[in-house]
Amino acid sequence: MRAILDDIAGFVEQNKEEMVKWRRHLHQNPELSFHEEETSQFVYETLQSFGNLEVTRPTTTSVMVRLVGEHPGETIAFRADMDALPIQEENTFEFVSKNPGVMHACGHDGHTAMLLCTAKILSGLKDQINGEIRFLFQHAEELPPGGAIQMVEAGVMDGVDKVIGLHLLPTMETGTLAVDSGPMQSAVDNFDIKIIGKGGHGASPHETIDSLAIASQVVSNLQHIVSRNTDPFDVLALSVTKINSGAVDSTAAYNVIPETIELGGTVRSFNTELLGTIPNVMERIIKGITDAHGATYEFQYKKGYLPVINDEQVSGQVRESLIEVFGEENVQKAKAIMPGEDFSVFLQKAPGTYFYVGDGNKEKGMVYPLHHPRYTIDEDALEIGVKAFINIAFKLLK
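Residues numbered from 1 in each chain as written. Predicted model: local features only at pLDDT ≥ 70, side-chain atom pairs only at ≥ 80, totals over all residues. Heavy atoms only, no water.

### Focus on empty space enclosed by the protein
Inference 1: One pass over the full model with this rule turns up 1 cavity of 30 Å³ or more.
Inference 2: Considering only enclosed or pocket space, the largest cavity measures out at about 40 Å³ in volume.
Inference 3: Together, L122, Q128, I129, N130, I133, A393, F394, L397 and K398 line the largest cavity.
Inference 4: Among the residues forming the lining of the largest cavity, the class breakdown is 6 nonpolar, 2 polar and 1 charged. (1 Å grid on protein atoms, 1.4 Å probe; cavity = no way out; pocket = protein on both sides within 12 Å on 5 of 7 lines; lining within 4 Å. Points joined across faces, edges and corners; volume = space filled by probe spheres on them. Nonpolar A, V, L, I, M, F, W, Y, C, P; charged D, E, K, R; others polar.)

See the structure below:
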């Protein structure tokens, strides 16, 4: 087995050029959540060319692969997300997005290319594998309710003992990785509010019920939930991120007080019990303000992704594996962050861990954050992710 592990760097180097081509093809042809038809077909056909793999389509736009080793053992799963974002790309390199208003701005093209390369290399090592490895190419991570729940319902996690996922992170330099046990990413809920007043002329505000003024008070008072209704030791973020008066463009009249105002936003925490109390507190505030001013309201609170909580034992094994390959100085302790991830759905079915691979590179000008129209991957990070996946596989299945 030691000889196999020593050869991994060579296997990755042999396949790096092809992996970069896959990533660039995916970047050039991004597809939004639940619409990954061409992406999933490309992944499916590429996997079928490797051999030793059982390739299936658990949902219309996802792919699952089974690699059953020659020796008995546990079953582990690796996951990569494939969907893109509704962002107009501003990069100028030759493989920019061909699809207007759609862009791989979150590294999912890299995640998919890395897992393809991992599957190719491990498919050639079938006789050295104890147990089974599943490769989950997931659709629709970016859009709740997400694709993970559909894949789980289709049975992709049946019999899985451990599950592993990763994310490229431009806030970390290429060559570094991060992992830890416990909370990694928060639960994410969303909400919509409609304030219904009485519209009228801006010159006669006394004849209206000013929905805009009322909505302003609602926004301000919702902030008290974090500052005055939540234990300071609990982490909670509540952000109103949208406001719409129904005006369709900048030519809307300045002298119109709108009839309705629509608000939207997000609530995030690692504490699901705390999150469960938030809808009632929000509605109490909204109702109190609208009642006081003679307005009415509509309130919709949408439960989203659960928090990503890494298993202590699996995370310890993953950390050991990463240190063995990359050195302790390059393996950081991951910090919990507030973006959400439906990798949490897989963690409801099996213990696992979610870790980060740095792909920031100031010398190459790769300084833009995830979801930015100029974000792009440092492709040198791709081989790091593949080495990590392969070594983790042998670590967990030894």
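Here the narrative resumes.
### Remarks on the layout of surface pockets
Inference 1: One number sums up the size of the largest pocket: a volume of about 670 Å³.
Inference 2: Taken together, 30 residues line the largest pocket, and the ones lying closest to its centre are E142, R268, P339, G340 and H371.
Inference 3: Secondary structure elements with two or more residues in the lining of the largest pocket: β5 (162-173), β8 (187-196) and β12 (260-269).
Inference 4: For the lining of the largest pocket, the class distribution of residues is 12 nonpolar, 11 polar and 7 charged. (Helix = DSSP H or I, 4+ residues; strand = E, 2+ residues; numbered from the N terminus.)

### Topic: the nonpolar core
Inference 1: Of all hydrophobic cores here, the largest spans 59 residues; its most connected members are L47 and F355.
Inference 2: At 11 residues, the largest contribution of residues to this core is made by helix α10 (residues 380-396).
Inference 3: Residues contacting L47, with those up to four places away along its chain left out, are L53, V55, V63, V65, L116, A119 and F137.
Inference 4: The next biggest cluster of nonpolar side chains, apart from the first, holds 25 residues, and it includes I261, V267, V281 and I286. (Core = buried A, V, L, I, M, F, W, Y, C linked by side-chain atoms within 4.5 Å. Buried < 20%, exposed > 50% of the residue type's maximum accessible area, 1.4 Å probe, protein only. Contact = heavy atoms within 4.5 Å.)

### A look at the sheet that holds β12
Inference 1: Strands sit in the order β10-β12-β8-β13 across an open sheet of 4 strands; the sheet is antiparallel. Two strands bound the open sheet, and with one partner strand each, they are β10 (236-244) and β13 (296-302). On average, adjacent strands in this sheet sit at an angle of 20 degrees to one another, irrespective of strand direction.
Inference 2: Sheet topology note: the β8/β12 ladder contains 10 bridges and is antiparallel. Residue N190 lies in a different strand from β12, and its bridge partner there is T266.
Inference 3: Against the sheet, helix α7 (residues 272-292) touches β8, β10, β12 and β13, its axis set at about 170 degrees to β13. (Pairing = 2+ DSSP bridges. Axes fitted to C-alpha atoms, helices over the stretch in contact; angles between N-to-C directions.)

### What about the side chain of D378?
Inference 1: Inspection of the secondary structure assignment puts D378 in the loop between β16 (352-360) and α10.
Inference 2: At 2.7 Å, the side chain of D378 forms a polar contact with the side chain of T174.
Inference 3: Of the polar contacts made by the side chain of D378, one reaches the side chain of N361; its length is 3.0 Å.
Inference 4: The contact partners of D378, leaving out residues within four places of it in the chain, are T174, D359, N361, K364 and M366. (Polar contact = N/O pair within 3.5 Å; in protein donor to acceptor, adjacent residues only side chain to side chain.)

### With respect to α7
Inference 1: For α7, built from 21 residues, the straight-helix expectation of 30 Å at 1.5 Å per residue is met to within 8% by its first-to-last C-alpha distance of 32 Å.
Inference 2: Where α7 bends most, at I278, the angle is about 30 degrees, and the proline P279 comes one to four residues later.
Inference 3: Within α7 the residues assigned to the buried category are L274, L275, I278, P279, V281, M282, I285, I286, I289 and T290.
Inference 4: Tucked inside the fold, the buried residues of α7 contact β8, α5 (211-222), α6 (224-228), β10, β12 and β13.
Inference 5: Between the side-chain oxygen at the start of α7 and the backbone nitrogen of E273 there is a gap of 3.0 Å, and the oxygen is on N271.
Inference 6: In the segment just after α7, G294 is the residue with positive phi, at about 75 degrees. (Expected span 1.5 Å × (residues − 1). Bend = angle between axes of the 7 residues up to and from the residue.)

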